[in-house]
Amino acid sequence: MKKFLILIFFVPMIIFAEGLCYFPDPIDIYFKDSTIWYGPSSFLWGGPTIVDDTVSETLADGYLCNKERQVESSEKAFLDSNVFLFRHESNGRNILSIYNAYEMLKGLHSDRGVSHSVGAVFKEEFLHWRQCGTLNLSYEEADSLATLFVTAINKFVEDKNVCTETDDFIVCSYAHNAPSQLKQWIDEFCEANGLEYSSKPATYCEDPYSVPERAECAQANSILIQQPKKTDVSIDFENRKAHIPESLRGNPFFLFDMNGKVIQRGLAGETIRMSVVPSILKIGTRVVICK
């Protein structure tokens, strides 16, 4: 009875949810080869560099080499300020987490403002690192390695089930904590795109090392309410697999359990395999109960 009452309350709520303002799933780059760094702290903190025979914190084009004063090791990407970067460590490995704010607009305004691939944004950063002296690599070595990164990153964006591992790096997405600085930038991004909060979340990741899982941060974020659009499409189910009509493919989907917890998410293809049944599937404004 309790689950039924929750369902009565929850289904109308997600029907009217056109999109979510949330921490986008990160693209995590694990740097396996520690020899690429100029020094043991150059990845996290950077440092001053030499510009026109003068010690400087920035390059001639304005790129900041000295990262020490950046809040929570977070920054906006140089090529696109709506792509956010978070530098951190885990088990002795340096990790760059890339948060692409445009991900929240997929299926809503997918062409709004997007001018560079995530791979291209990263390559610009990586080659700037080389100019700053962060990397112990020649330009040719840095450019060659960056090209491998671009291929892996863009492939991951296209199909989030495909992680890439080489001798030098891993590109994938792992559960971890996100700093509160990202929350502020994501709030600003949502407001700039005309999206209003239905309510403020109870908590965010104020301390990136105090919240057990990144998923808890996403759970705390607000739902953006917009007017639903009428649709005549239907979603068919067979052998725990949802067959998605062409008009809905490419839209973000969310799979909820019967208590309203997100258990699966991604971009809808021709089919979506149901990891749990019964459950609730939402694609755009279309909501169905999977039994």
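Residues numbered from 1 in each chain as written. Predicted model: local features only at pLDDT ≥ 70, side-chain atom pairs only at ≥ 80, totals over all residues. Heavy atoms only, no water.

S.K.: Please give an account of the overall build of the chain that cites residues and values.
M.R.: Each helix and strand counted, the chain has six helices and 17 strands in total. Among the 291 residues that make up the chain, the fraction classed as buried is 48%. Put simply, of all contacts in the chain between residues at least 6 apart along the chain, 62% involve residues at least 24 apart. Within the structure as shown, the chain displays about 14,900 Å² of accessible surface, and the carbon and sulfur contribution to it stands at 50%. (Helix = DSSP H or I, 4+ residues; strand = E, 2+ residues; numbered from the N terminus. Buried < 20%, exposed > 50% of the residue type's maximum accessible area, 1.4 Å probe, protein only. Contact = heavy atoms within 4.5 Å. Areas by Shrake-Rupley, 256 points an atom, 1.4 Å probe, with all protein chains shown as cover.)

S.K.: Quick rundown of the sheet that holds strand β5 (residues 74-76)? Include the residues and the values.
M.R.: With respect to topology, six strands assemble into an open sheet ordered β5-β6-β7-β2-β9-β8, the strand pairing being antiparallel. The sheet terminates laterally at β5 and β8 (164-165), the two strands that pair on one side only. Across eight bridges, the pairing between strand β6 (residues 83-90) and strand β7 (residues 93-100) is antiparallel. Looking at the pairing, Phe86 lines up with Ser97 of β7. (Pairing = 2+ DSSP bridges.)

S.K.: Please give an account of helix α3 (residues 118-132) that cites residues and values.
M.R.: Every α-helix winds through 3.6 residues per turn, so residues three or four apart in the chain are directed the same way. Between its terminal C-alpha atoms α3 stretches 21 Å, which fits the 21 Å expected from 15 residues at 1.5 Å a residue. Listed in full, the buried residues belonging to α3 are Val118, Gly119, Val121, Phe122, Glu125, Phe126, Leu127, His128, Trp129 and Cys132. Of the residues trailing α3, Gly133 is marked for its positive phi of about 90 degrees. (Expected span 1.5 Å × (residues − 1).)

S.K.: So what about the side chain of Gln181? Which residues, and what values?
M.R.: By the secondary structure assignment, Gln181 is in helix α5 (residues 180-192). With relative accessibility at 10%, the residue Gln181 sits in the buried group.

S.K.: Could you give an account of the environment of Arg69, naming the residues involved and the relevant values?
M.R.: Position of Arg69 relative to the elements: it lies in the loop between β4 (54-56) and β5. Since its relative accessible area comes to 64%, Arg69 is described here as exposed. When the C-alpha atoms of Arg69 and Trp45 are compared, they prove to be 8.7 Å apart, with 24 residues separating the residues in sequence. A polar contact of 2.5 Å, which involves the side chain of Arg69, links it to the side chain of Glu57. (Polar contact = N/O pair within 3.5 Å; in protein donor to acceptor, adjacent residues only side chain to side chain.)

S.K.: Describe in detail the state of the cysteines, supporting the description with residues and values.
M.R.: Counted by the stated rule, this structure contains two disulfides. Covalent S-S linkage joins Cys65 and Cys132, the inter-sulfur distance amounting to 1.9 Å. Disulfide Cys65-Cys132: the torsion about the S-S bond is -75 degrees, which places it as left-handed. One end of the pair, Cys65, is in the loop between β4 and β5; the other, Cys132, is in helix α3, with 67 residues separating them in the sequence. Residue class for Cys65 comes out buried when judged on its relative accessible area of 1%. The disulfide partner of Cys163 is Cys172, and the S-S distance across this bridge is 1.8 Å. (Disulfide = S-S within 2.5 Å.)

S.K.: Kindly report on the nonpolar core, identifying the contributing residues and their values.
M.R.: Within the largest apolar cluster, 37 residues are counted, with the highest numbers of intra-cluster contacts made by Phe31, Ile98, Phe122, Phe126 and Trp129. Listing elements by their share of this core, those giving two or more residues are β2 (27-31), α2 (42-45), β6, β7, α3, α4 (139-158) and β9 (169-172). Excluding residues that lie within four positions of it along the chain, Ile98 makes contacts with Asp25, Pro26, Ile27, Ile29, Val83, Phe84, Leu85, Val118, Phe122 and Ile153. Grouped together as the second largest cluster of nonpolar side chains are 16 residues, Tyr99, Leu105, Phe189 and Cys190 included. (Core = buried A, V, L, I, M, F, W, Y, C linked by side-chain atoms within 4.5 Å.)

S.K.: Can you tell me about the pattern of salt bridges, naming the residues and giving the values?
M.R.: Within this structure, the stated rule accounts for six salt bridges. Measuring nitrogen to oxygen at the nearest pair gives 3.0 Å for the salt bridge that ties Glu75 to Lys67. Residue Glu75 is classed as buried on the basis of its relative accessible area, which comes to 6%. Linking Lys123 and Asp143 is a salt bridge whose minimum nitrogen-to-oxygen distance equals 3.4 Å. In this pair, Lys123 sits in helix α3 while Asp143 sits in helix α4, placing the two residues 20 residues apart along the sequence. Each of Lys67, Glu75 and Arg87 takes part in salt bridges that share partners, so that together they form one network. (Salt bridge = Lys/Arg side-chain N within 4 Å of Asp/Glu carboxyl O.)

S.K.: Please provide a residue-by-residue account of the packing of α3 against α4, values included.
M.R.: It is the contact of α3 with α4, at a shortest axis distance of 8 Å, that shows an interaxial angle of 155 degrees. With respect to each other, α3 and α4 are oriented roughly antiparallel. The way α3 lies across α4 gives a crossing that is right-handed. Mapping the contact onto sequence places Val118, Gly119, Phe122, Lys123, Phe126, Leu127 and Arg130 in α3 and Tyr139, Ala142, Asp143, Leu145, Ala146, Thr147, Phe149, Val150, Ile153, Asn154 and Val157 in α4. Of the residues belonging to the contact of α3 with α4, the class tally is twelve nonpolar, three polar and three charged. (Axes fitted to C-alpha atoms, helices over the stretch in contact; angles between N-to-C directions. Parallel < 35°, antiparallel > 145°, perpendicular 65-115°, else oblique. Left-handed = near helix turned anticlockwise from the far one by under 90°. Nonpolar A, V, L, I, M, F, W, Y, C, P; charged D, E, K, R; others polar.)

Keep in mind these values describe shape, not function.
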